[in-house]
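# Topology and contacts: notes
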Amino acid sequence: MRLFGGTKKLCPICQNPAARMLPTKVEGQPLCGDCAKKASQMPDNRNAKNMTVEEFRAFITFYDGNASLRSVF
C-alpha cells in the first residue's frame, strides 16, 4: 500500500508524471518539473496560469527552438 496512491497525473504537454505538491498549472492541469522550469522562463507580461494548453505548447516549441540562441548568452 502506498502512502499517497500509486498513480500520478500526466503533464498535458509532454506526458511525463506531473508534480504532486504545489505544481505549476495550465488550465488547472499540473505540469511536470521540466515544463514548469520552462514556464518560469516566460516574459514578465505572460503567465502560464493565464494560458491555454495550446498556447503553452506553442511557447514550449518556441523555447526549444531558441536553445542555440540562449546558449550564446
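That block above? That's the structure.
Thresholds, definitions, all that
Residues numbered from 1 in each chain as written. Predicted model: local features only at pLDDT ≥ 70, side-chain atom pairs only at ≥ 80, totals over all residues. Heavy atoms only, no water. Core = buried A, V, L, I, M, F, W, Y, C linked by side-chain atoms within 4.5 Å. Buried < 20%, exposed > 50% of the residue type's maximum accessible area, 1.4 Å probe, protein only. Helix = DSSP H or I, 4+ residues; strand = E, 2+ residues; numbered from the N terminus. Contact = heavy atoms within 4.5 Å. Phe/Tyr/Trp six-rings, centres within 6.5 Å; stacked < 30°, edge-to-face > 60°.

### Considering the nonpolar core
- Within the largest apolar cluster, 15 residues are counted, with the highest numbers of intra-cluster contacts made by Ile-13, Leu-31, Cys-35, Phe-56 and Phe-59.
- Elements that contribute at least two residues to this core include exactly helix H1 (33-39) and helix H2 (53-65).
- Per element, the largest residue contribution to this core is five residues, and it comes from H2.
- Apart from residues lying up to four places away in sequence, Phe-56 is in contact with Ile-13, Val-26, Leu-31, Cys-35, Ala-39, Met-42, Ala-48 and Met-51.

### A look at the packing of aromatic side chains
- Following the criterion strictly, the structure yields two aromatic pairs and no others.
- Ring centres 6.1 Å apart and planes at 35° place the aromatic pair Phe-56 and Phe-59 in the tilted group. Here the residue Phe-56 and the residue Phe-59 both occupy positions in helix H2, the gap between them amounting to three residues, near one helical turn.
- Classification of Phe-56 as buried rests on a relative accessible area of 0%.

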